[in-house]
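# Residue-level structure breakdown
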Amino acid sequence: MKRILVGAPLLGTKTEIDESSPLEAWRTFAPLITDPQESKLERFVLLPNPRFISVLAYKTGKRIATILPSLDTEHVPVEITAVTLGSTQQTVTVTDLVASEGAEDHQILVLACNDGSLRTLDLDVFKSKGAKMQNCGPYWIPGDCYRPQQVFILNKKEGVVHHMQFGYCLRNHVAVYAIAKGNDVTSAYRFMLQLKLGKNKKVKLDSSSIVCLKSNLSKFSEENPENPFGLSVCNYEKDGKGPSLDGPYCSVIVVGFPSSLLFFMEKTTDSGTTLAAPFVWNFSSSNKVSALAIAPNKRDIACGHMRGTIQVLVDLIPRVEEYNDCMARYEAQIANESLINDNKPRHPSKGIVVRKFHWHAHPVSTLVFDSIPKSAGDSMLYSGAEESVIVTWQLSRGSDKPAEVLPRIALAGIVHMVSSHQSGEADSLLVYCADNSLHLFETHNQHLKWKVQGLGAGDERTILSGSSKMILDPASMGFSNPKILCAGLAKAAGNIQVYDVRQQEVIATLKVAPFNRVSRMKYSQSQLPAPTIIHAEWDATAKRLLTIDTVPTENSAIGVSEQLDDGTMIGTVSTIRFWKFNENSLAFEPCAAMASPHGPRAKVSSAALSADGKYACTVSNDEKAFRLWRRSTRDEGDDWNCMYRVQFPSGYANASSGPSAVSFSNDSSILAIGFGNVVTLWDRHNVTLLTSLCHGEGDEFVETVHFVQSGELEGMFLSQSSCSIALQSPYANKGISTKDWVWRAPSVDWAIRSITPLAGLVSVILTDSKNNKSRVVLLGSKTGLQLEDQVNMMYDDEIVGLVGGASQRLSDGWDDEDVSKTVLYTLFKSGEITCINMDNNEGVDIKYTPPSSDKAPLKMVPTLGLHLVGVKPAKRPANVLTVTDLNGSSKRKKLSIENFGAFVGEEARVAMLPKLTGAFVRAFVSRNVMKSEQ
């Protein structure tokens, strides 16, 4: 079954980096911006992920293409481990680039992959159309796709590259500096890649093209071995006039470690390349380095630290170069026994000017200078951290105070920043934040040019316990650009996001529970968990919304006390909020809100909103009660009031209700609530317990109850536990089983996480926490049988949510030949969203056809008072309830209610019984349920 990728994190996580790295900036790819070129006005933003690179237009931020790391001839897809971008404008003679254009400037993208290879791509390929719908291993990529033109295979000794930076171009070769790990040893290398663009080939990199700058990088710090977190490279000519092969051309490579900086210096001339001895600059172990940047003057280095401080080491690069030259002469004199002076060269730390700045209270995650060279000390430095504030430092002012601050640009901290300059345009700053958002600002006036917001799925700040909720916007169903409403995502704490599948970005955000994004004074302190939306329920039209959010507080005496992993006690307060969609502003507006709806010491365990948006129900296991809420019908207001508070029945006082174990029938007359392994049915009108049905055998805990809202099974309900799913009729009948079918998980290793009823199908999400796998199973709603060919719906990632529906309206007047395109959208914890088309499976036979809309579906069970539009209901049976029946007389007359819900023949399928009003329910209970117990 073909899975199509319709969404992913803007920037992916490096798979080869240790997940225990303290900063997200160390674990996440950094965005890239192509260099401006006079002959090519178009510029691009490259957003790397392990399996692909998204290409955005620099001016608008719109997605235009995708770069895949694998060749179309490779059967096993590869993943990206590092990426760098450079230009051939430093090349003097390029004979093999493009034969017809000679030494034209080219943008070269270099990819390092987990198979130990380096791959190159000339971005001039964007001038032509790319291949459509390309395979990327676990899914397919839509739109224009491009693949590498050359592949260089490294030796096993070099291993896999973790960090990489573009160096320079020498004739027809590109120098790439990299940190690679092979045989459990991390080393620094320089690779010379011979460019033959347009030649789709795979070659092995010979030993003459590989120079080891330093083997076993952790060896120089044997007392406390550390892994490098970053790599920076700058190139300059001794006379400062730009790159040339006439004089010494220097490359400075700086490897960042938490406690030190490691310098390498290469000098290139026509006669060859010389490498100076590595130089180590140490920092205090109590304030480790978290970020570094080389100034445009190619003399200064800025370092951010874990305690929020910033140090600018003035003229460090020329000092290190001078020290290396003096040390080389000094050691040569010692070797030749011609030493004149016993004094060693002066260490660069002697007399160096170190400028210190401090604004951030948390580790500095990123530093970036202006992208254009300026005089010494005249550059603008930008810093970002967890506070989500862009801090601007003007070094020429001589002040340790920020020149400007731009606060609260996102819901989470700043991870990466990249500066950009183009002649004739304002300088810009590209900012990526931990809430999966990308911003482009103009630096001179802090104007936001564009913003791209991705879904907030993934692991970021610790949130309170809760489950995510996803639905398809009914207003967009039937069109080619469906929208998905998502609540309770980790990187969008306290917010509901509206995701546009076609644009592949979030187009609207509803702030439900605002909170302070900075909850600690120091990085060493525990972070207060972010609030979460534990329940979000929409009505059938998605115009009414019920949310229940939980907000933490440092005062454990307020609300419900909870203990964090580090032992800290906090208090949590739950709030119920009712919302209404405003057709004019096209946004949800609050109607009513109430803190602690079940009391200050009770949480809301489950909640439901009726299909018409008039009633709501909340259940609290702490209070051992559920509450029924009703929307006011008065013209002057849109208030919500609590109609009833009902204690748990005595038989269920020790049972708990699952997170989704409450549901209204389609006409809001029946309320189903799960307690333990039992589902109870209540009359909504006067909150009377009608009956109870057992979900399964043993101690199966009912987690979800859902009434079937339409189709042949309308009025029946699904119940789900961690190991089984049952479809039942809500009408008990003595001596007749009410279960139509029961489906159980395939093994004890697989647990049922959630179910989603679809048109004629029931989608089931299974999780295997032991092996970190998840799976989607599709069941026929009539039979409970699993559909065939489900092997491709098993994933190596946790599924957060799944929704499905019609994605395209074929025509207003459908006939038998019109079939809507029914699709499944699956959201994973990694932030990827995939789409599966159930009607076009590229040769996979899924035996499913949505019912035709011009025919009334046949009913297997009695309706709950909802008649189909345009369908004339059948004549009601002659036997009706009498006044005696309503008054509960002991003398009772046998009615067809004895067969209520039972399938007694073809003619019974169209039988429509009376709506379950309060009077009817009382008679129903007295006649059928109570007597059956005697």
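Reading the values: rules and limits
- Once a new chain begins, its residue numbering starts again from 1 and follows that chain's sequence as written.
- Whole-chain, interface and lining totals are the exception, using all residues; otherwise, since this is a predicted model, local features are given only for residues with pLDDT of at least 70 and side-chain atom pairs are given and counted only at 80 or more.
- Side-chain metrics in this entry use all non-hydrogen atoms of the structure; hydrogen atoms and water are not considered.
- Numbering of helices and strands runs from the N terminus, with a helix taken as a DSSP run of H or I at least four residues long and a strand as a DSSP run of E at least two residues long.
- Think of it in three bands: with a 1.4 Å probe and only protein chains considered, a residue is buried below 20% of the maximum accessible area for its type, exposed above 50%, and partly exposed in between.
- We call two residues contacting when some pair of their heavy atoms lies within 4.5 Å.
- Computed by Shrake-Rupley with a 1.4 Å probe, the accessible areas treat only the displayed protein chains as cover when residues are assessed.
- Stacked, tilted and edge-to-face are the three classes assigned to paired rings of Phe, Tyr and Trp, where Trp is represented by its six-membered ring and a pair needs centres within 6.5 Å; plane angles under 30 degrees give stacked, over 60 edge-to-face, the rest tilted.
- Remark: a charge is flagged as sitting over a ring if the NZ atom of Lys or the CZ atom of Arg is within 6 Å of the ring centre and within 35 degrees of the ring normal.
- Residues grouped as a nonpolar core are buried Ala, Val, Leu, Ile, Met, Phe, Trp, Tyr and Cys residues, joined through side-chain atoms within 4.5 Å.
- Strand pairing is assigned whenever DSSP detects at least two bridges linking the two strands.
- Every axis in this analysis is a line fitted to C-alpha atoms, fitted for helices over the stretch in contact. Angles between the N-to-C directions lie between 0 and 180 degrees.
- A pocket here means an open set of points on a 1 Å grid, computed over the protein atoms alone, that has protein on both sides within 12 Å along at least five of seven lines. A cavity is instead a set of points where a 1.4 Å probe fits but cannot get out; residues with an atom within 4 Å of a point line either one.
- Grid points are joined across faces, edges and corners, and a volume is the space filled by probe spheres set on the points.
- Only Asp, Glu, Lys and Arg are considered charged, only Ala, Val, Leu, Ile, Met, Phe, Trp, Tyr, Cys and Pro nonpolar, and every remaining residue, Gly among them, polar.
- Per residue, pLDDT measures the predictor's confidence, with a range of 0 to 100.
- One side-chain nitrogen of Lys or Arg within 4 Å of one carboxyl oxygen of Asp or Glu is enough to make a salt bridge.
- A helix is expected to span 1.5 Å for every residue after the first.

Before going further, it helps to examine the overall build of the protein chain. The number of helices and strands found in the protein chain is 4 helices and 61 strands. The buried share of the protein chain, reckoned over its 934 residues, is 55%. Taking contacts inside the protein chain between residues at least 6 apart in sequence as the whole, the part at least 24 apart equals 55%. Accessible area for the protein chain stands at about 40,900 Å²; split by element, carbon and sulfur atoms hold 49% of it.

Within this structure, the stated rule accounts for 15 aromatic pairs. Ring geometry for Y795 and F828: centres 4.9 Å apart, planes at 85°, overall edge-to-face. Residue Y795 is located in strand β58 (residues 794–795), and its partner F828 is located in strand β60 (residues 822–828); the two are separated by 33 residues in the primary sequence. Judged by relative accessible area, which is 2%, F828 ranks as buried. Here the guanidinium or amino end of K14 rests over the ring plane of F29, the centre of that ring lying 5.9 Å away.

Counting residues in hydrophobic clusters, the biggest one holds 45 residues, and the most contacted among them are V45, L261, F263, W281, I301 and L438. Excluding anything up to four places from it in sequence, V45 contacts L32, I33, S54, V55, L56, Y58, L430, L438 and W450. Counting 21 residues, the second-largest nonpolar core is a separate cluster that includes M164, V176, L205 and I210.

Another point: the sheet that holds strand β47 (residues 662–664). Within a sheet, each strand pairs with its neighbour through backbone hydrogen bonds, oriented either parallel or antiparallel. Spatially, the 4 strands line up as an open sheet ordered β47-β48-β49-β50, and their pairing is antiparallel. Pairing within the sheet leaves two strands with one partner each, and these edge strands are β47 and β50 (688–694). Going across the sheet, the axis of each strand differs from the next one's by a mean of 20°, ignoring polarity. Of the pairings in the sheet, the one linking strand β48 (residues 670–675) to strand β49 (residues 678–683) comprises 6 bridges and is antiparallel in character. Within the sheet, the bridge partner assigned to G674 lies in β49 and is V679.

The next subject is empty space enclosed by the protein. Across all of its chains, the model carries 8 cavities of 30 Å³ or more by this definition. If you go around the second largest cavity, the residues you meet are Y382, I390, T392, E404, L406, L429, F441, E442, T443 and Q446. Of all the elements in the fold, those that place two or more residues in the lining of the second largest cavity are β28 (390–394), β29 (404–406) and β32 (437–442). Here the lining of the second largest cavity is built from residues that sort into 5 nonpolar, 3 polar and 2 charged.

Below, the discussion takes up the confidence of the model for the protein chain. Low-confidence regions, as indicated by low pLDDT, have predicted coordinates that should not be scrutinised in detail. Per-residue confidence for the protein chain gives a mean pLDDT of 79, with 77% of residues at or over 70. A low-confidence stretch, residues 733–738 stays under pLDDT 50, and its non-local contacts, those more than four residues away or across chains, total 14 contacts. Per-residue pLDDT stays below 50 along residues 929–934; that stretch engages in 6 contacts with residues further than four places along the chain or on separate chains.

On to the pattern of salt bridges, then. Tallying each qualifying case throughout the model produces 25 salt bridges. The shortest N-O distance in the salt bridge between D325 and K267 comes to 3.2 Å. In this pair, D325 is assigned in helix α2 (residues 316–335) and K267 in strand β19 (residues 260–269), connecting sequence segments 58 residues apart. The partly exposed category is assigned to D325, whose relative accessible area is 27%. On the basis of relative accessible area, K267 is assigned to the partly exposed category, the value being 22%. Of the charged contacts in the structure, one is a salt bridge between D315 and R299, with a shortest N-O distance of 2.9 Å. One end of the pair, D315, is in the loop between β24 (309–314) and α2; the other, R299, is in the loop between β22 (289–294) and β23 (301–305), with 16 residues separating them in the sequence.

The strand order across the open sheet formed by 4 strands is β26-β27-β28-β29, and the pairing between neighbours is antiparallel. The open sheet has two free edges, formed respectively by β26 (366–369) and β29, since each of these has just one partner strand. Averaged over neighbouring strand pairs, the angle between their axes works out to 20° when direction is ignored. The sheet contact formed by β26 and strand β27 (residues 380–384) spans 4 bridges and is antiparallel. Across the sheet, T366 pairs through a bridge with G384, a residue of β27.

So, about α2. Residue pairs three or four apart in sequence face the same way in an α-helix, which turns once every 3.6 residues. Along its 20 residues, α2 runs 28 Å from first to last C-alpha, staying within 8% of the 28 Å computed at 1.5 Å per residue. When α2 is considered as a whole, its buried residues turn out to be L316, I317, V320, E321, Y323, N324, M327 and Y330.

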